[in-house]
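Each chain, letter by letter, is given below.
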Amino acid sequence: CLLPARAMGKLQSKISLHTTKYRADGSGGQTGPAGASQQHSPAHTDAVTSVAALQPDLCVSGGKDKSVAVSSWRSGAALRRFIGHEREVTKVTSALDSNRVFSASRDKTVMMWELHRTSGPSQHFPGHDLVVTGLAVSPDASQLCTGSRDNTVCKWDTETGECLGRAAISRNLVTHLCWVPGEPYVIQTSEDKTTRVWDSRQLQVAHTFPAKQHIQTCCDVSQDGRYCLSCSSGCAGHGAEATLWDLRQTRGRVCEYKGHFQTTTSCVFLPRGPTLAPSIATSSSDSTVKVWDQNTAGME
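Below, the structure is looked at part by part. (Residues numbered from 1 in each chain as written. Predicted model: local features only at pLDDT ≥ 70, side-chain atom pairs only at ≥ 80, totals over all residues. Heavy atoms only, no water.)

**A closer look at the overall build of the protein**
So, point 1. In terms of regular secondary structure, the protein is built from zero helices and 27 strands.
So, point 2. Among the 300 residues that make up the protein, the fraction classed as buried is 52%.
So, point 3. When the accessible surface of the protein is totalled, it reaches about 14,300 Å², and 50% of it is carbon and sulfur. (Helix = DSSP H or I, 4+ residues; strand = E, 2+ residues; numbered from the N terminus. Buried < 20%, exposed > 50% of the residue type's maximum accessible area, 1.4 Å probe, protein only. Areas by Shrake-Rupley, 256 points an atom, 1.4 Å probe, with all protein chains shown as cover.)

Below, the structure is given as structure tokens:
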């Protein structure tokens, strides 16, 4: 089925152990006169490349300025800034409601930061040969999966930094990773146009969905673990769709969501309220964000 969407307008938007290489800065917004709206400095000094939820009132972001920032959803203030990567940050993630933040970078490494730690990263994970482009943490934050343009997926112990496994697949240029809630499975999208399901226990591919016509740029998993989303590159109205996949026994394609005119860069399941229909959101290089009804052809 093809589902229509509501457009939401333009989307604005070398490792060393020397401690001087790393900083964890606290910063707050500027408060104007009483009764005036608050003005906050930008969280980053260059383009923001990734954002993820950290706690109910906090988010974490990474940028081309090589930094990781923790900001308040409510006030908009940047509360912490972590400095340590030598090249731009490509992905950020966290175990929800935890104090641990993970960042991947073009410097081929991943770092773990403690929200209340005042010095550098509490753990770092070197080992990839090219830019790290996928990052997923287990729900209990004990394990981490990373993926790279070097065609590999790695599993790590977050406490020790030990690499617990490494798997390589030819032409598997990883674009994104996400962990299935409550399960040992990790979803991965790739430039080889496929979406894979990895069993993190043996770090083996448990299932590969049928290849699409275009590069798969991003993925997400529903909170109940029953469905996953992937989205496609595209141009001039060709491709650029998002696809809903069933993770249960059928493991088939459920729906496609077509409407973007250029590459769909991200996709996400939206939180579901007691009276709200299941919805997803997609963003695109065509400068729009679209909200879709997950199950029906009705407008949101």
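**Section: the packing of aromatic side chains**
So, point 1. Using the criterion set out here, one finds four aromatic pairs in the structure.
So, point 2. Ring geometry for Phe125 and Trp156: centres 5.6 Å apart, planes at 65 degrees, overall edge-to-face. Here Phe125, found in strand β10 (residues 123-126), pairs with Trp156, found in strand β13 (residues 152-157); they are 31 residues apart in sequence, far enough to count as distant. As far as the burial class goes, Phe125 and Trp156 line up, both buried. (Phe/Tyr/Trp six-rings, centres within 6.5 Å; stacked < 30°, edge-to-face > 60°.)

**Re the environment of Ala47**
So, point 1. Structurally, the position occupied by Ala47 is in the loop between β2 (23-26) and β3 (48-55).
So, point 2. Residue class for Ala47 comes out partly exposed when judged on its relative accessible area of 34%.
So, point 3. Separated by 41 residues in sequence, Ala47 and Glu88 place their C-alpha atoms 9.6 Å apart.
So, point 4. Residues contacting Ala47, with those up to four places away along its chain left out, are Gly63 and Lys64. (Contact = heavy atoms within 4.5 Å.)

**Focus: the pattern of salt bridges**
So, point 1. If you walk through the whole model with that rule in mind, you get 13 salt bridges.
So, point 2. Here Arg100 and Glu114 are joined by a salt bridge, their closest N and O atoms 3.3 Å apart. Of this pair, Arg100 sits in strand β8 (residues 100-105) while Glu114 sits in strand β9 (residues 109-114); the two residues are 14 residues apart in sequence, bridging distant segments of the chain.
So, point 3. A salt bridge links Arg253 to Glu256, with the nearest nitrogen and oxygen atoms 3.1 Å apart. (Salt bridge = Lys/Arg side-chain N within 4 Å of Asp/Glu carboxyl O.)

**Observations concerning the state of the cysteines**
So, point 1. Evaluation of the coordinates by the stated rule reveals zero disulfides.
So, point 2. You can see Cys145 has no disulfide; the closest cysteine sulfur is in Cys154, sitting 8.8 Å from it.
So, point 3. Under the relative-accessibility criterion, Cys145 is labelled buried at 1%. (Disulfide = S-S within 2.5 Å.)

**Overview of the sheet that holds strand β7 (residues 89-94)**
So, point 1. Reading across from one edge, β7-β8-β9-β10 is the order of the four strands in this open sheet, with antiparallel pairing throughout. Only two strands of the sheet have a single partner each, and these edge strands are β7 and β10. In this sheet, neighbouring strand axes are inclined to one another by 15 degrees on average, regardless of whether the strands run parallel or antiparallel.
So, point 2. In the sheet, β9 pairs with β10 via four bridges, with the strands oriented antiparallel. (Pairing = 2+ DSSP bridges. Axes fitted to C-alpha atoms, helices over the stretch in contact; angles between N-to-C directions.)

**A short note on the side chain of Asp293**
So, point 1. You can see Asp293 is positioned in strand β27 (residues 289-293).
So, point 2. Of the side chains bearing the opposite charge, Arg272 lies closest to the buried Asp293, which forms no salt bridge; the N-O distance is 9.2 Å.
So, point 3. Among the polar contacts listed, one links the side chain of Asp293 to the backbone nitrogen of Asn295, at a separation of 2.9 Å. (Lys, Arg positive; Asp, Glu negative; His and termini not counted. Polar contact = N/O pair within 3.5 Å; in protein donor to acceptor, adjacent residues only side chain to side chain.)

**With respect to the layout of surface pockets**
So, point 1. By volume, the second largest pocket amounts to about 170 Å³.
So, point 2. In terms of lining residues, the second largest pocket is bounded by Val180, Pro181, Glu183, Tyr185, Val197, Asp224, Gly225, Arg226, Leu247, Arg248 and Arg251.
So, point 3. Partitioned by chemical class, the residues of the lining of the second largest pocket number five nonpolar, one polar and five charged. (1 Å grid on protein atoms, 1.4 Å probe; cavity = no way out; pocket = protein on both sides within 12 Å on 5 of 7 lines; lining within 4 Å. Points joined across faces, edges and corners; volume = space filled by probe spheres on them. Nonpolar A, V, L, I, M, F, W, Y, C, P; charged D, E, K, R; others polar.)

**Topic: the sheet that holds strand β15 (residues 174-179)**
So, point 1. The four strands are arranged β15-β16-β17-β18 in an open sheet whose pairing can be described as antiparallel. In the strand order of this sheet, the two ends are held by β15 and β18 (204-208), each with one partner. Each neighbouring strand pair of the sheet contributes to a mean axis angle of 30 degrees, computed without reference to strand direction.
So, point 2. With four bridges connecting them, strand β17 (residues 195-199) and β18 associate as antiparallel partners. Residue Arg196 lies in a different strand from β18, and its bridge partner there is Thr208.

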